[in-house]
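# A look at the structure
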Amino acid sequence: MELIAPGWSDYEVLDAGDGLRLERLGDILITRQCAQAIWPRHLPERDWRPHAVHFRNDTGPGAWSYPRGPVPRAWPIRRERAAFEMRLTEFGHIGLFSEQETQWPWIEERLAARAGAKVLNLFGYTGGSTLAAALGGGQVTHVDAVKGVVTWARINAELSGLGAAPIRWIVEDAPRFVSRELRRGNRYDALILDPPTFGRGPDGSVWQLETSLVPMLAELEQLLSDAPLFVLLSAHTPGVTAAVLRNLLVPLVARRGGRLESGDMAQRCASGPYLVPQGVYCRWLP
Ligand SMILES: C[S@@+](CC[C@H](N)C(=O)[O-])C[C@H]1O[C@@H](n2cnc3c(N)ncnc32)[C@H](O)[C@@H]1O
C-alpha cells in the first residue's frame, strides 16, 4: 500500500522538479536538492521565491543562501498536538522527515489500544515518531547516536507539551543499545526504526544499512515482549525497496506469525499532480 503524505497547515511541499523541491515550513519557503525529481517543475519560475536555498557540493556538507534576507535561526511549526522546531542545518536537513506524517497517526492509534505500552524508537532523530508514540500513551525509549539531535528531540517534546511524558532519551549506537537491552532482559511491545544508509555511533563505530541491519534485526526480534503490538521499519536507501524490507521481516513472521504490510512513502505536491518519492516502509502486526 502506497502511503501519500498530504502535508498540513504548517508544512507542505509546494512543487518539485528539475532536481529541486520547494517546501513551506510555517511562513518560510525553502528549496533543497531532490535527486529523484527528474521531471520538469509544475509551477513557473516566478512562483519559486524561497527564503532559503540549500546546495550540496562535492567537498563538504553544502550551504544555505538567503535570497530574500535573513531567516530566523529556529522557529516552531505545529501538527495537531505535536510541535517541531525548524532549523536549517548545514547538511540541508530541517529537523523533520515529513513523509513519516503518514506513520504518526498509525503509531498513535495502535498504542492507544494498550495504555503504557513499551516502545523502542531507534535512529529517532528529532523525535517525530517518539512524539506520536508518547501521544498514544506509550512509554518510549528514544535512541540516536548524535547528542545534539537528541537535545533537539527533547525540545520538540517540550514544545509539544510532553516534557513530563515517560520518554527515556538515549545517546548511543543503535546496535550496541539493542545488544545491551537484550543482556539486561528489557523487552518492548513496539519497535520503530528508520535506519539511515550510513551513520556512526557516538564512539565512531560505522553503521551501514546493507551490512548492519540484518544482524541487528536478529537481536531486535528477541527484544519483543510476549504480546507485541507492532514493528515499523522504514528506509530511504537507494535500491532498498519495499520488497527488500518485507523480506527482512519474513523471519519474524516465520517465528511469530502475524502479517506484513509494506509499500512506498511519497509526499504530495500541493501545487499539482506530482508525488515526491520518500522511501519505503514495512509494518509487522501480530
Ligand atoms: C533517517 S534519520 C531518522 C529519522 C526519524 N526516524 C524521523 O522520523 O524523524 C537517521 C538518524 O539515525 C541516526 N544514526 C545514524 N547512525 C546511528 C547509529 N549507529 N546509532 C544510532 N543512531 C544513528 C542519525 O543521527 C539520524 O538522526
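Residues numbered from 1 in each chain as written. Predicted model: local features only at pLDDT ≥ 70, side-chain atom pairs only at ≥ 80, totals over all residues. Heavy atoms only, no water.

### A look at the overall build of the protein
Stated precisely, the cut-off is as follows: Counting from the N terminus, the helices are DSSP H or I runs at least four residues long and the strands are E runs at least two residues long. All radius of gyration figures rest on C-alpha atoms, and the globule criterion is 2.2 Å times the number of residues raised to 0.38. Contact criterion: two residues are considered in contact whenever any of their non-hydrogen atoms come within 4.5 Å of each other. Note on areas: these come from Shrake-Rupley sampling with a 1.4 Å probe, and a residue is covered only by the protein chains present in the view. We score Asp and Glu as negative and Lys and Arg as positive, and we do not count His or the chain ends. Taken as the charge centre is NZ of Lys, CZ of Arg, CG of Asp or CD of Glu, depending on the residue.
For the protein, the helix and strand inventory stands at six helices and 17 strands. Computed over the C-alpha atoms, the radius of gyration of the protein is 19 Å, within 12% of the 19 Å expected from 2.2 N^0.38 for a compact globule of 286 residues. Structurally, the protein occupies a C-alpha span of about 55 × 40 × 40 Å along its principal axes. In the protein, the proportion of contacts linking residues at least 24 apart, taken out of those at least 6 apart, comes to 62%. Split by element, the accessible area of the protein, about 12800 Å² in all, is 53% carbon and sulfur. Of the charged side chains in the protein, 31 are positive and 31 negative, and the gap between their average positions amounts to 4 Å.

### Brief notes about unusual backbone geometry
Positive phi, normally seen in glycine, also occurs at glutamate 80, with a value near 50 degrees. Tracing the backbone through its elements, the reader meets glutamate 80 in the loop between strand E7 (75–79) and strand E8 (82–86). Unusually for a residue other than glycine, phenylalanine 123 sits at a positive phi of about 60 degrees.

### Notes on the packing of helix H1 (residues 104–112) against helix H2 (residues 128–135)
Note the cut-off: Here an axis means a line fitted to C-alpha atoms, over the contact stretch when the element is a helix, while the angle between two N-to-C directions is reported on a 0 to 180 degree scale. Angular relationships are summarised with four words: roughly parallel below 35 degrees, roughly antiparallel beyond 145, roughly perpendicular across 65 to 115, and oblique for the angles in between. Throughout, a crossing is termed right-handed when the near helix is turned clockwise from the far one, and left-handed when it is turned anticlockwise from it by less than a right angle. Residue polarity is assigned by list, with Asp, Glu, Lys and Arg as charged and Ala, Val, Leu, Ile, Met, Phe, Trp, Tyr, Cys and Pro as nonpolar; anything else, Gly included, falls into the polar class.
Contact pair H1 / H2: the axes reach a minimum separation of 7 Å and the direction vectors enclose 30 degrees. Between H1 and H2, the angle falls in the class roughly parallel. In this structure, H1 meets H2 at a crossing whose hand is right-handed. Where H1 approaches H2, its residues Trp104, Ile107, Glu108 and Leu111 are matched on the opposing element by Gly128, Ser129, Ala132, Ala133 and Leu135. Looking at side-chain class alone, the contact of H1 with H2 contains six nonpolar, two polar and one charged residues.

### Topic: the pattern of salt bridges
Where we set the bar: Just to be clear on terms, a salt bridge is a Lys or Arg side-chain nitrogen sitting within 4 Å of an Asp or Glu carboxyl oxygen. Relative accessible area decides the class of each residue, using a 1.4 Å probe on protein chains only: under 20% of the type maximum gives buried, over 50% gives exposed, and in between gives partly exposed.
If you walk through the whole model with that rule in mind, you get 16 salt bridges. The shortest N-O distance in the salt bridge between glutamate 23 and arginine 32 comes to 2.8 Å. Looking at arginine 32, the relative accessible area reads 8%, which means it is buried. With a closest N to O distance of 2.7 Å, glutamate 181 and arginine 184 form a salt bridge.

### Details of the domain arrangement of the protein
Rule in force here: Each domain's limits were defined by an automated method or a database of domain assignments. Once two parts are put together, the accessible area they lose, assessed with a 1.4 Å probe and summed over both, is termed the buried area. Here a polar contact is taken to be a pair of N or O atoms separated by no more than 3.5 Å, where protein atoms must pair a possible hydrogen donor with a possible acceptor and residues adjacent in sequence count only if both atoms sit in side chains.
In terms of domains, the protein is made up of domain 1 (7–73) and domain 2 (94–285). Centre-to-centre, using C-alpha coordinates, domain 1 lies 27 Å away from domain 2. With 20 residues of domain 1 at the contact, the number on the domain 2 side is 17 residues. Buried surface at the junction of domain 1 and domain 2, both sides included, amounts to about 1400 Å², of which 64% is carbon and sulfur. Taken together, domain 1 and domain 2 are joined by zero salt bridges. For the pair domain 1 and domain 2, the interface holds six residue pairs in polar contact (both at pLDDT 80 or more). The set of elements that each furnish at least two residues to the side of domain 1 that touches domain 2 consists of strand E2 (11–17), strand E3 (20–25) and strand E4 (28–33).

### Description of the pairing of E3
If a strand is regular, its side chains alternate between the two faces of the sheet. Put simply, the test is: Strands pair, by our definition, only if DSSP identifies at least two bridges between them.
Taking burial as the measure, the six residues of E3 include six buried ones, the bulk of the element. The side-chain alternation of E3 yields two buried faces, one formed by Leu20, Leu22 and Arg24 and the other by Arg21, Glu23 and Leu25. Bridge count between E2 and E3: six bridges; the pairing is antiparallel. Note on E3: the bridge partner recorded for glycine 17 is leucine 20. Here E2 folds back onto E3 in antiparallel fashion, the turn holding two residues, of which aspartate 18 has a positive phi close to 55 degrees. What sits between the antiparallel neighbours E3 and E4 is a turn of two residues, in which glycine 26 has the positive phi angle 65 degrees.

### Points about the site of the ligand
Applicable threshold: Near residues are defined by distance, with any heavy atom within 4 Å of the molecule or strand qualifying the residue.
Surrounding the ligand, one finds 17 residues, the nearest of these being Phe123, Asp144, Asp173, Ala174 and Asp194. Aspartate 194 has a polar side-chain atom sitting 3.1 Å from a nitrogen atom of the ligand. Here a nitrogen atom of the ligand sits 3.5 Å away from a polar atom, N or O, in the main chain of arginine 200. Its residues assigned to classes, the shell around the ligand comprises eight nonpolar, four polar and five charged.

### Considering the nonpolar core
Inclusion rule: As used here, the term nonpolar core means buried Ala, Val, Leu, Ile, Met, Phe, Trp, Tyr and Cys residues forming a set that is joined through side-chain atoms within 4.5 Å.
Counting residues in each nonpolar core, the largest one holds 51 residues, and the members touching the most others are Leu88, Leu96, Ile107, Leu111 and Phe230. The element contributing the most residues to this core is H2, with five residues. Composition of this core by domain shows at least three residues from each of domain 1 (7–73) and domain 2 (94–285). Other than its neighbours up to four places away in sequence, leucine 96 contacts Trp8, Tyr11, Ile77, Phe84, Met86, Trp104, Tyr125 and Thr126. Counting 32 residues, the second largest nonpolar core, distinct from the first, contains Leu122, Val143, Leu191 and Val280.

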